[in-house]
Amino acid sequence: MHPDEHEHVVKELETLIRETQATVDRIETYGLNNTMPEDYQALLDILDNAIKQQHEHTMAMLSA
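So, here's what we can say about the structure. (Residues numbered from 1 in each chain as written. Predicted model: local features only at pLDDT ≥ 70, side-chain atom pairs only at ≥ 80, totals over all residues. Heavy atoms only, no water.)

### Section: the side chain of Gln 54
- Position of Gln 54 among the secondary structure elements: in helix α3 (residues 37-63).
- With a relative accessible area of 14%, Gln 54 lands in the buried category.
- Among the polar contacts listed, one links the side chain of Gln 54 to the backbone oxygen of Val 10, at a separation of 3.3 Å.
- Beyond its immediate stretch of four places on either side in the chain, Gln 54 contacts Val 10, Leu 13, Glu 14 and Ile 17. (Helix = DSSP H or I, 4+ residues; strand = E, 2+ residues; numbered from the N terminus. Buried < 20%, exposed > 50% of the residue type's maximum accessible area, 1.4 Å probe, protein only. Polar contact = N/O pair within 3.5 Å; in protein donor to acceptor, adjacent residues only side chain to side chain. Contact = heavy atoms within 4.5 Å.)

Below, the structure written as structure tokens:
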């Protein structure tokens with residue numbers, strides 16, 4: 001991938017991270033993390049994976 005492609009992916013992942021974090025926050029506010037633990041964990045997994053991917057693309061962009 002070219003640096004500009006990595007940058008585009010990083011920006012898209014940032015949007016995903018922000019939206020997922022906002023959803024996690026709302027779930028925690030309403031206590032759904034206790035009543036729907038599997039769904040809550042799935043969101044946390046999505047968030048974790050997106051952060052890791054963003055880091056990888058950032059490092060690739062900086063090393064190019």
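### Considerations on the pattern of salt bridges
- Counted by the stated rule, this structure contains three salt bridges.
- Asp 48 serves as the salt-bridge partner of Lys 52, at 3.0 Å between the closest nitrogen and oxygen. Remark: Asp 48 and Lys 52 occur in helix α3; sequence separation between them is four residues, near one turn of the helix. (Salt bridge = Lys/Arg side-chain N within 4 Å of Asp/Glu carboxyl O.)

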